[in-house]
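A closer look at the structure
Chain by chain, the residues run as shown.
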Amino acid sequence: MSLSTHLLDLSLGRPATNVAVSLTRWAETDWAPVHQARTDADGRIHSLVPEGELLDPGTFRMRFDTAAYFTVQGRSSLYPFIDIVFQLEDAQAHYHLPVLLTAHGYTTYRGS
């Protein structure tokens, strides 16, 4: 199973670069760390799965550190971070979860 994301800043009309994103997995009573990365110059993280590892099906959370991103730009924002909680069910599938971001809102969907 593979997992990627793409973060686009709609208010600027460009990718959100150098944003820290962490991936955690629900482990019965708490979130367990899986991996962390930063968006590249195109606002992408091509893989949130540690190299050489596979994700088993389960419930996961991607956390985007949006406060740091907006602070660097000198802009305020409503959301200090964005948590996307989702279930991965098909061990053979590729999951792509883009986020469209503004300082006061966001949306996400399953991409291809």
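Further up the page is the structure itself.
The following refers to the structure shown. (Residues numbered from 1 in each chain as written. Predicted model: local features only at pLDDT ≥ 70, side-chain atom pairs only at ≥ 80, totals over all residues. Heavy atoms only, no water.)

**Observations concerning the environment of R110**
- The residue R110 is located in the segment after β10 (105–108) in this model.
- Taking the C-alpha atoms as reference, R110 lies 13 Å from M62; in sequence the two are 48 residues apart.
- Look past the residues within four positions of R110 in its chain and what remains in contact with it is A93, H94, Y95, H96 and L97.
- A polar contact of 3.1 Å, which involves the side chain of R110, links it to the backbone oxygen of H94. (Helix = DSSP H or I, 4+ residues; strand = E, 2+ residues; numbered from the N terminus. Contact = heavy atoms within 4.5 Å. Polar contact = N/O pair within 3.5 Å; in protein donor to acceptor, adjacent residues only side chain to side chain.)

**With respect to unusual backbone geometry**
- One non-glycine residue, N18, lies in the positive phi region at around 60°.
- Position of N18 among the secondary structure elements: in the loop between β2 (14–15) and β3 (20–26).

**As for the sheet that holds strand β6 (residues 58–64)**
- Within the open sheet, the four strands sit side by side as β4-β3-β6-β7. Their pairing is antiparallel. The open sheet has two edge strands, β4 (31–38) and β7 (82–88), and neither has a second partner. Neighbour-to-neighbour, the strand axes of the sheet open up by a mean angle of 20°, direction not taken into account.
- In the sheet, β6 pairs with β7 via seven bridges, with the strands oriented antiparallel. Each residue of the ladder has a partner; that of M62, found in β7, is I84. (Pairing = 2+ DSSP bridges. Axes fitted to C-alpha atoms, helices over the stretch in contact; angles between N-to-C directions.)

**What to know about the pairing of β3**
- As judged from the seven bridges shared by β3 and β4, these two strands associate in the antiparallel manner. What sits directly across from L23, in β4, is H35.
- Here β3 hands over to β4 after four residues, with E28 in that stretch at a positive phi of 70°.
- For β3 and β6, the ladder comprises five bridges, and the chain directions are antiparallel. Counted as the bridge partner of S22 is R63 from β6.

**A word on the environment of Y106**
- Position of Y106 relative to the elements: it lies in strand β10.
- Each C-alpha atom of the pair Y106 and I82 lies 8.4 Å from the other, and the pair is 24 residues apart in sequence.
- Every residue in contact with Y106, bar those within four places of it in the chain, is listed here: Y79, I82, D83, I84, V99, L100 and L101.

**Some details on the pattern of salt bridges**
- In this structure the tally under the stated criterion is three salt bridges.
- The closest approach of N and O atoms between R44 and D42, which form a salt bridge, is 2.8 Å.
- With a relative accessible area of 37%, D42 lands in the partly exposed category. (Salt bridge = Lys/Arg side-chain N within 4 Å of Asp/Glu carboxyl O. Buried < 20%, exposed > 50% of the residue type's maximum accessible area, 1.4 Å probe, protein only.)

**Details of the nonpolar core**
- Counting residues in hydrophobic clusters, the biggest one holds 26 residues, and the most contacted among them are L3, L23, L55, M62, F64 and F86.
- Counting only elements with at least two residues in this core, the list comes to β1 (2–9), β3, β6, α1 (66–72), β7 and β9 (99–102).
- Residue contacts for M62: discarding those within four places in its chain leaves T5, V21, S22, L23, L48, I82, D83, I84, F86 and L97. (Core = buried A, V, L, I, M, F, W, Y, C linked by side-chain atoms within 4.5 Å.)

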